Structures are given as C-alpha cells and as structure tokens.
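As a plain string of letters, each chain reads:
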Amino acid sequence: MPEEGAEHAEYISIPREFISPDSVTGAHLYVHVGGRYVLYRSGHEPIDAEALAKLKSRSINSLYVLAEQRNQLEEYVVKHLRSVIASATDSAQASRVIRDATRAVLRSTLGNIDTIDDFERLRGVSDVLTDKIANSQSLLSGVVRFAEGDERLLTHAANVAAYSVVLASRIPGLSSDELSSIGVGALVHDTGLSTVDPELLYKPDEERTDLERYFLGRHPGRGAAQLEQAGVDDPIVLDIVRHHHGVADGEQLSLPAQVVQLADVFDSLTSQSRQGAPNGPFAALYDMRHRANGRFSPELIREFVLTLGSMTEVVADSPVAPLSRRRVRANASAA
Ligand SMILES: [Fe+2]
Ligand SMILES: [Fe+2]
C-alpha cells in the first residue's frame, strides 16, 4: 500500500471524468486536499457512481496518480476512453476528454517508443480519434489547440492526428484499418524530433548552424528507424513517418503521407510562434493553395477546406476558430 501524502513523490493529474464508474484503474488514486496528496482509492478498488458524484459536489475535478504508475493509468485511459466519451454530456466535454487523453498518452510515449506495446497504446488513441472525431467533425475544433510552450511538439502531434483522421475519413475507399494507421502515423510523424534537445528544436532557424539544420532535416528517417527498431512494421505508419516532408525527385508521395503532410503544414502555419503570431486558418490555407508550387493536390486542399468548413462548433482558442480581436491585433503587429 502506498504511503498517504508522500510529500516528495511526483504526481500526475487526471480529470475526474476519466474515471468510469465501477472500473478499476490499476493505479492508486490520490486527491489533493489541504496542500497534501491523500490516498483516495488503491489501484484495485473501483469507484462507484455515487463516489464520483460526491467528488463532483465537492468540486474535486482532478485526481492524482504517482508518476511511477503512469503506464497503468494510460492503459486504463485508452481502454475506457470510449465509455468516458460516451458519457460526456456535451461535445465540449467529449472533445476535452479526447484532447486530454491524447496528450496524456503522447506525453509519456513520444520519444519513448521502445517496444511494440508502447506503440499499440498510440494505436488505441488513434482508433478513438478515428471513431469519434471522424464521425463527428464538430469535435475537431475542441480537440485541436495552438501549439505553444514546452509541449509544442506534443500538441502538434495531437493536432496533426486530429486533422489527418478527419481529412482521411472524407477520402472514399480507405478502410478503417488504413484510417487507424493514418491516425497513428500522424501521432508519431515527428518522433524523430522527440529526442532532440529543446534548445535546438525551438531555436530560430536563422540561428542554427548548417550541421544543426542537417541533423534536424534527417528526423523523418531517424523516426522511422526508431519505430522499426521497436518492432513497428505497419507500412502506412512507416511511410508517413519517413516521407512526411516529401519524397525524392521522381517518386510519388502516397496518399496517407500527403494527408499527414497537409495536416502537418497547416498546423505548423496556424501554430507558428517562432516568428510571432500564427497565421489564421484562412491565411494558412491561402498560402498552401497559392504558394506551395503544387506541393499539395488542389483536390486534397479542397477536401480539407470542406472539412474545416463543415465544423458546426468552434472553440475560441482553437486554430480553426475565426480570428479573435486579440489575434487580429497580434497578427497586425507582427506583419
Ligand atoms: Fe517533421
Ligand atoms: Fe510535424
């Protein structure tokens, strides 16, 4: 039994909504009260609906798990994600659950895909994204966020996966297995960057040396090799990772890689904070359509525009939201 309130331990928080009534998390759950972490339930004890309602009535919205039990927690989150989303009372709550779960799994997986089990946890997330977002596009705007700060790479991966599954689901003829692989390929597309020192990763490009640029430019091949070493053999995933920045002259970029490449560039443009404010969605699409020298197929861009345009709910700080006054001002001053 873990000690109550172990002061120096590291804890990770999980939203209360992640806990399904009567399920067993496998990880000890703590609550944070009076400045201390207090054991609430051991990992093999279920929490019933009444107990969850009680937590809600006391405004306890987060529970905590010891960082060393992160794996158990993530397995639980992926396993129960569908029922948690199903129990969401509205699409804002459902999209928040999807977003938080995607981030929770990516946070420990990116840069740490050493075995096929690590990879399969991401496939679980991709399957949920494919099932839920692709069939309910109004969730997309609640799932994607501007990629800023320390977790830029993680947010970017989650955003690119969300855009990719929604776009891919509009393309006729792709099977559900292919959609799942596109989603997971998008989640890990930049895995070759995840072990790069953040100082180099977030350094303005003009301050990088040629050697640093060369090293960063090799991340697609490095990422694919890392995955192969972990036992990943899904050809769609490996193709996406290896070719998301393009193929050699004379070679044809596959459709899955085109989808992820388009989502990747759109997210980079709309989240770009290195040179100031990000582009709005319309400016980004315009740029991609008119200045990319045919890099993107007009048909695919048209589908992407229709994807974004079909969203019925728009969350204020989503990259696909209309520009807020604050962002309009920021864009104007950065121009
Ligand atoms: Fe990349
Ligand atoms: Fe990327």
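Before any of the text, the structure's been laid out above.
As the structure is a prediction and not an experimental result, all values here were calculated from the model.

### What about the overall build of the protein chain?
Counting secondary structure elements, the protein chain contains 15 helices and four strands. Counting only residues that meet the buried cut, the protein chain has 39% of its 335 residues in that class. Expressed as a percentage of contacts within the protein chain between residues at least 6 apart in sequence, the contacts between residues at least 24 apart total 71%.

### Remarks on unusual backbone geometry
If you check the backbone angles, Asp22 has positive phi at about 70 degrees while not being a glycine. A positive phi is found at Ser59, a non-glycine position, where the angle reads about 60 degrees. Note on placement: Ser59 falls in the loop between α1 (49-57) and β4 (62-66). Residue Ser59 is classed as exposed on the basis of its 7 C-beta neighbours within 10 Å.

### Points about the nonpolar core
Core analysis: the largest hydrophobic core is formed by 75 residues, its most contacted members being Ile98, Ile133, Ala162 and Val165. For this core, the leading source of residues is helix α6 (residues 152-169), giving twelve residues. No fewer than three residues from each of domain 1 (1-69) and domain 2 (88-316) sit in this core. Setting aside its immediate chain neighbours within four residues, Val165 contacts Leu129, Thr130, Ile133, Ala134, Leu179, Ile182 and Gly183.

### Focus on the pairing of strand β3 (residues 36-41)
Along any regular strand the residues' side chains alternate between the sheet's two faces. Bridge analysis of strand β2 (residues 29-33) against β3 gives five bridges, and the strand direction is antiparallel. Looking across to β3, one finds that Val31 is bridged to Val38. The turn linking β2 back onto β3 is made up of two residues, and Gly34 within it adopts a positive phi angle of 55 degrees.

### Describing the packing of helix α11 (residues 235-243) against helix α12 (residues 255-271)
Where α11 meets α12, the closest approach of the two axes is 9 Å, and the angle between their N-to-C directions is 50 degrees. Classed by the angle they form, the pair α11 and α12 counts as oblique. The two elements α11 and α12 meet at a crossing, and its hand is right-handed. Packed against α11, whose contacting residues are Ile236, Asp239, Ile240 and His243, the element α12 presents Pro256, Ala257 and Val260 at the interface. Looking at the contact of α11 with α12 residue by residue, the classes come out as five nonpolar, one polar and one charged.

### What about α12?
Across its 17 residues, α12 extends 24 Å between first and last C-alpha, which sits within 8% of the 24 Å expected from 1.5 Å per residue. Of all 17 residues in α12, 13 are buried; the element is thus mostly enclosed.

The rules behind the values
- Residues numbered from 1 in each chain as written.
- Chains lettered and ligands numbered in written order.
- Predicted model: local features only at pLDDT ≥ 70, side-chain atom pairs only at ≥ 80, totals over all residues.
- Helix = DSSP H or I, 4+ residues; strand = E, 2+ residues; numbered from the N terminus.
- Buried ≥ 20, exposed ≤ 12 C-beta atoms within 10 Å, placed from the backbone.
- Contact = placed C-beta atoms within 7 Å.
- Core = buried A, V, L, I, M, F, W, Y, C linked by C-beta atoms within 7 Å.
- Domains from an automatic or database assignment.
- Pairing = 2+ DSSP bridges.
- Axes fitted to C-alpha atoms, helices over the stretch in contact; angles between N-to-C directions.
- Parallel < 35°, antiparallel > 145°, perpendicular 65-115°, else oblique.
- Left-handed = near helix turned anticlockwise from the far one by under 90°.
- Nonpolar A, V, L, I, M, F, W, Y, C, P; charged D, E, K, R; others polar.
- Expected span 1.5 Å × (residues − 1).

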